[in-house]
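Listed below are the residues making up each chain.
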Amino acid sequence: MKITRFKKWLAIFAFGVTALFVTHTAMAQTSPYVLMQQASNKLFADIKNNQAKIKQNPNYLRTIVRNDLLPYIQVNYAGSLVLGSHFKSTTPEQREKFFKAFGDFIEQAYAQVLTAYSNQNIQIEPAKDVGDKNLVSIRVNIIQTGGAAPIKLDFKWRKNSKTGEWQAYDMVAEGVSMVVTKQNEWSGILRKQGIEALTAQIQKSAAQPVTLK
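Sequence order as written defines residue numbering, which begins from 1 separately in each chain. Where totals are concerned, whole chains, interfaces and linings use all residues; where local detail is concerned, this predicted model gives features only for residues with pLDDT of at least 70, and gives and counts side-chain atom pairs only at 80 or more. The side-chain figures draw on all heavy atoms in the structure; neither hydrogens nor water molecules are used.

Participant: Looking at this structure, I do not really get the overall build of the chain. What am I missing?
Facilitator: The helix and strand tally for the chain stands at 8 helices and 5 strands. Exposure categories follow from relative accessible area, calculated using a 1.4 Å probe and restricted to protein chains: below 20% of the type maximum is buried, above 50% is exposed, and the middle band is partly exposed. The 213 residues of the chain split such that 49% are buried. Of the contacts formed within the chain by residues at least 6 apart in sequence, a portion of 61% connects residues at least 24 apart. Only the protein chains shown count as cover for residues, and all accessible areas are computed by the Shrake-Rupley method using a 1.4 Å probe. Surface accessibility of the chain: about 11300 Å² in total, with carbon and sulfur atoms responsible for 50%. For helices the rule is a DSSP run of H or I covering at least 4 residues; for strands it is a run of E covering at least 2, with both sets numbered from the N terminus onward. Here, two residues are considered to be in contact whenever any of their heavy atoms come within 4.5 Å of each other.

Participant: Would you mind going over the side chain of glutamine 112 with me for this structure?
Facilitator: Counting through the fold element by element, glutamine 112 comes out in helix α6 (residues 92-113). For glutamine 112, the contacting residues outside a window of four places in its chain are Pro209, Val210, Thr211 and Lys213.

Participant: Help me understand the packing of aromatic side chains in this model?
Facilitator: Aromatic rings in a pair are described by how distant their centres are and how their planes are angled relative to each other. To pair, rings of Phe, Tyr and Trp, with the six-membered ring standing in for Trp, must have centres within 6.5 Å; the planes then decide the type, stacked if under 30 degrees apart, edge-to-face if over 60, and tilted in the middle. As enumerated under the stated definition, the model contains 6 aromatic pairs in all. Relative to tyrosine 169, the ring of tyrosine 77 lies with its centre 5.1 Å away and its plane at 80°, an arrangement referred to as edge-to-face. You can see tyrosine 77 sitting in helix α5 (residues 75-83) and its partner tyrosine 169 sitting in strand β4 (residues 166-173), a full 92 residues away along the chain. Owing to a relative accessible area of 28%, tyrosine 77 belongs among the partly exposed residues under this scheme. Look at tyrosine 169 and you get buried, because its relative accessible area is 14%. Aromatic rings pair up to connect Phe98, Phe99, Phe102, Phe105 and Trp186 into one cluster.

Participant: Got a minute to help me understand unusual backbone geometry in this structure?
Facilitator: Across residues other than glycine, the phi torsion is negative in most instances, and most of the peptide bonds are trans. A positive phi angle is found at glutamate 174, which is not glycine, with a value near 50°. Within the secondary structure, glutamate 174 is located in the loop between β4 and β5 (176-177).

Participant: Is there a simple way to explain the pattern of salt bridges in this structure?
Facilitator: Side chains carrying opposite charge are able to pair once their charged atoms draw close together. The salt bridge criterion pairs a side-chain nitrogen of Lys or Arg with a carboxyl oxygen of Asp or Glu, the two atoms within 4 Å. Counted according to the given criterion, the structure contains 8 salt bridges. Among the salt bridges present, the one from arginine 66 reaches glutamate 107, with a minimum N-O distance of 3.0 Å. A residue pair is termed long-range when its members are at least 10 positions apart, and arginine 66 in helix α4 (residues 60-68) and glutamate 107 in helix α6 qualify at 41 residues. With a closest N to O distance of 2.8 Å, lysine 182 and glutamate 185 form a salt bridge. Separated by 3 residues within a single helix, lysine 182 and glutamate 185 lie in helix α7 (residues 178-192), roughly one turn from each other. For lysine 182, a relative accessible area of 3% corresponds to the buried category. One connected set of salt bridges, linked through shared partners, spans Lys42, Asp46 and Asp68.

Pasting the structure below:
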């Protein structure tokens, strides 16, 4: 996938994460629909309320993302899916370093794209009874200005069988999955150079400062 196309997709992805975050105490046994509805106010309220601090120090957006997003995404599970068939050939120590780098990458990437947030409205599909399901896909529409068609997002949620917590692990933006995209993008490096080389590359990307554009 070309870099420009990925950046465009990542922007769509970041604007969609408004549906993902809420206080940790509400996570357990809470419907993912409730989490998404509550979270639609959380992330961007923090951004709006800290505009002065963000303009002075754009990297503060990383703090917001770290607090409002990362605790409620199944980074390790998503990372395991990204590794795919390469997962079994890695050691626990290698995977731990990869997951840490992957989480830092998500933090940096979301923070950078969120500098372009322009108060888009979010529509979440009506709540449904999840019953005994452990996996749920929830449709979210990002309303565009100027009469443009809404951007369609499908968030993939997974229920932890031990804790009962629902967390997001993937998002499909107009048919493009984040997990599948990164799996395809990084599979060549994993195959030719191994997980340590990929982890080092991701760490470099994650270390880039957030800049206002």
